[in-house]
Amino acid sequence: MSNDKIEVFISYSKQDKELRDRLLSHLRPLEGAGIITWHDRQILPGTQWDEEIKARLNAADIILLLISADFLATDYCTQVEIPEALRRHKAGEATVMPVILRSCAWDYTPLAAIQAYPEKAKPIVSWPYIDDAYTDVVRSVHIAATKIKERRDQRRVQQERTQREQQRQAEEQERLRQAEQLRQKQAAEAEWQKQQAWEQQRQAQLEEAESKQRPTEIFEFEVVTITKGGLFKKPEVNRTRKRAKCYIEDLGNNIFLDMVAVPGNSFHMGSTEYYKEQPVHKVQVAPFFIGRYSITQAQWRAVAGLPKVMIDLDLDPSKFEGSDRPVEQVSWWEAVEFCFRLNGFVEARLSNKTNRTYRLPSEAEWEYACRAGTTTPFHFGEILTADLANYDGTETYNSSPKGRFRQKTTPVGSFGVANAFGLYDMHGNVWEWCADPWRENYNGAPTDGSAWLSADRSASRVIRGGSWFKEPWSCRSAYRFFNHPHNRDNYTGFRVVCDFA
């Protein structure tokens, strides 16, 4: 059956079959014109009669109820067909047309609320010319069919309009997606070219200063960059091999401290993402050496066992035990005792042992070392994943994927990836103490990379890098926080710096 035809269902009593047949004869022109169609009530042998009737009733666009006393006395008509017809009529799924065949008390039934036919609901058998009554019914069916077709056409037009709009939106989304892919590709190429130029400048600076420095050796490492994925695209991880220079400090008992050479350069410190990271300002940083890793528990024990300078040091302060795990639960003052007394001329334990001036990094040096020439939230790129760093992976940032929350420190360098300087674990694992006292923002901050000192010995001190305990937002290169200098936490450690000359 064509979708343009109107399906008609006729419900009647067997006692009214002759009247029904005459109505069908009058409806034949509408059927011949392709306006309506109907199925005969005859049910083929083997067919589930009740299911077949209900299926036809539910498929009809127009339901003609041929009303008579016999019809209203038929249980199946009153208990099944009439209730279902009225339900579909009320829901707007079909048009119900009561056709009064013979006089009866139909207006005491629920059908009384619906317009009945023929004209003025005058019973067909009471018309002087009965064909006029049938013709009036046919005319009413034609009007109803016309209205249904108009609504159907309107729905079809609306559906076509909706489909065109959906197609237009899909094409626009595809255009935007392709434009975004092109932008990302161009940005990646520009960043790659910038990194190449920066690497060349860095290498030149290192070579220029090499003759004046202590002996160094070259080491190789893997650098990872992450390209942010889309709605149905996983982040893309790119791996490259790089080389850098370091010297190795022998702390005794087969324990060593790797100090990586970081070239001097300028960078933009801070970000616009958080008011405590503002204003973004340009800082010129001189070359320096910085620990490849956070100070480990083995390195801590080696130095904490050296002669006391100002305060006692616990040989094993950490909660998460492991010689290659970062030392934690050390205060800022204990970190200073480990390396160098900041506000005076008394050299502390590591400096005394090595005859080199070790110290905590300034906040500017720490961020410069963490970024390693990048301007993205992480030196990995726009996002962070728990496969590359130790943080609370159940939290996300910038649509990054969820991952593990290890709930403890991990051995230093255990993820096997570094930034472009060759530094490991700059995002997460443990917060790292910096030399600077805490200030709420960068207004008036030094621009030469030095620590922003204060005479207040009790002032809180800057910590950077986030930790195993924190969400990725707190692990960003620009994120800054503070802790009281006497506090000890199982998520705070440090790494040391040594001047180039």
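On a predicted model such as this, the values are computed, not experimentally measured, just so you know.

Enquirer: Lay out the environment of His-281 in plain terms, naming residues and giving numbers.
Expert: Summarising the element assignment, His-281 is placed in strand β9 (residues 281–285). Using a relative accessible area of 12% as the deciding quantity, one classes His-281 as buried. When the C-alpha atoms of His-281 and Ala-121 are compared, they prove to be 88 Å apart, with 160 residues separating the residues in sequence. If sequence neighbours within four positions are ignored, His-281 has contacts with Phe-267, His-268, Met-269, Tyr-442, Ala-445 and Pro-446.

Enquirer: Break down the sheet that holds strand β13 (residues 461–464) for me, with residues and values.
Expert: Two strands in a sheet stick together by hydrogen bonds in their backbones, pointing the same way (parallel) or opposite ways (antiparallel). What the four strands build is an open sheet, ordered β14-β13-β12-β15; its pairing is mixed. For this open sheet the edge positions go to β14 (480–483) and β15 (492–493), each flanked by a neighbour on one side alone. As paired strands, strand β12 (residues 431–437) and β13 are joined by three bridges and run antiparallel to one another. If you follow Glu-432 over to β13, its bridge partner there is Arg-464.

Enquirer: Report on the nonpolar core, specifying residues and quantitative values.
Expert: Judged by nonpolar contacts, the single largest core of 35 residues is most densely connected at Trp-300, Phe-338, Tyr-358, Leu-360, Phe-494 and Val-496. Every residue in contact with Phe-338, bar those within four places of it in the chain, is listed here: Ile-295, Gln-299, Trp-300, Val-303, Leu-313, Ala-348, Arg-349, Leu-350, Phe-494 and Val-496. Phe-219, Phe-267, Ala-364 and Ala-420 belong to the second largest nonpolar core, which has 33 residues in total.

Enquirer: For helix α9 (residues 363–371), give the residues involved together with the corresponding values.
Expert: Buried residues dominate α9, accounting for nine of its nine residues. Three or more residues of α9 are buried, namely Glu-363, Ala-364, Glu-365, Trp-366, Glu-367, Tyr-368, Ala-369, Cys-370 and Arg-371.

Enquirer: Explain helix α1 (residues 17–32) residue by residue, including any values.
Expert: Over its 16 residues, α1 extends 22 Å from the first C-alpha to the last, a length consistent with the 22 Å expected when each residue adds 1.5 Å. Its axis deflected by about 40° at His-26, α1 carries its strongest bend there, up to four residues before the proline Pro-29. Residues of α1 that are buried include every one of Leu-19, Arg-20, Leu-23, Leu-24, Leu-27 and Leu-30, and no others. Backbone geometry just downstream of α1 places Gly-34 in the positive-phi region, at approximately 75°.

Enquirer: Tell me about the pattern of salt bridges, residues and numbers included.
Expert: Considering all chains together, one arrives at 36 salt bridges under this definition. Note that Arg-156 is salt-bridged to Asp-153, the shortest N-O span being 2.6 Å. You can see Arg-156 and its partner Asp-153 sitting in helix α5 (residues 130–210), three residues apart, about one turn around the helix. Note on Arg-156: relative accessible area 30%, which makes it partly exposed. When the shortest N-O distance is used, the salt bridge between Glu-432 and Arg-495 registers 2.9 Å. Highlighted residues: Glu-432 in strand β12 and Arg-495 in the loop between β15 and β16 (497–499), separated in sequence by 63 residues.

Enquirer: Explain the layout of surface pockets to me, and be specific about the residues and the numbers.
Expert: Roughly 420 Å³ of internal volume is contained in the second largest pocket. Every residue lining the second largest pocket is counted, 22 residues in all, and those nearest its centre are Phe-267, His-268, Arg-371, Thr-374 and Thr-375. For the lining of the second largest pocket, the secondary structure elements donating two or more residues are α5, β8 (265–269) and α9. The element that contributes the greatest number of residues to the lining of the second largest pocket is β8, accounting for four residues. Looking at side-chain class alone, the lining of the second largest pocket contains seven nonpolar, 10 polar and five charged residues.

Analysis parameters
Residues numbered from 1 in each chain as written. Predicted model: local features only at pLDDT ≥ 70, side-chain atom pairs only at ≥ 80, totals over all residues. Heavy atoms only, no water. Helix = DSSP H or I, 4+ residues; strand = E, 2+ residues; numbered from the N terminus. Buried < 20%, exposed > 50% of the residue type's maximum accessible area, 1.4 Å probe, protein only. Contact = heavy atoms within 4.5 Å. Pairing = 2+ DSSP bridges. Core = buried A, V, L, I, M, F, W, Y, C linked by side-chain atoms within 4.5 Å. Expected span 1.5 Å × (residues − 1). Bend = angle between axes of the 7 residues up to and from the residue. Salt bridge = Lys/Arg side-chain N within 4 Å of Asp/Glu carboxyl O. 1 Å grid on protein atoms, 1.4 Å probe; cavity = no way out; pocket = protein on both sides within 12 Å on 5 of 7 lines; lining within 4 Å. Points joined across faces, edges and corners; volume = space filled by probe spheres on them. Nonpolar A, V, L, I, M, F, W, Y, C, P; charged D, E, K, R; others polar.

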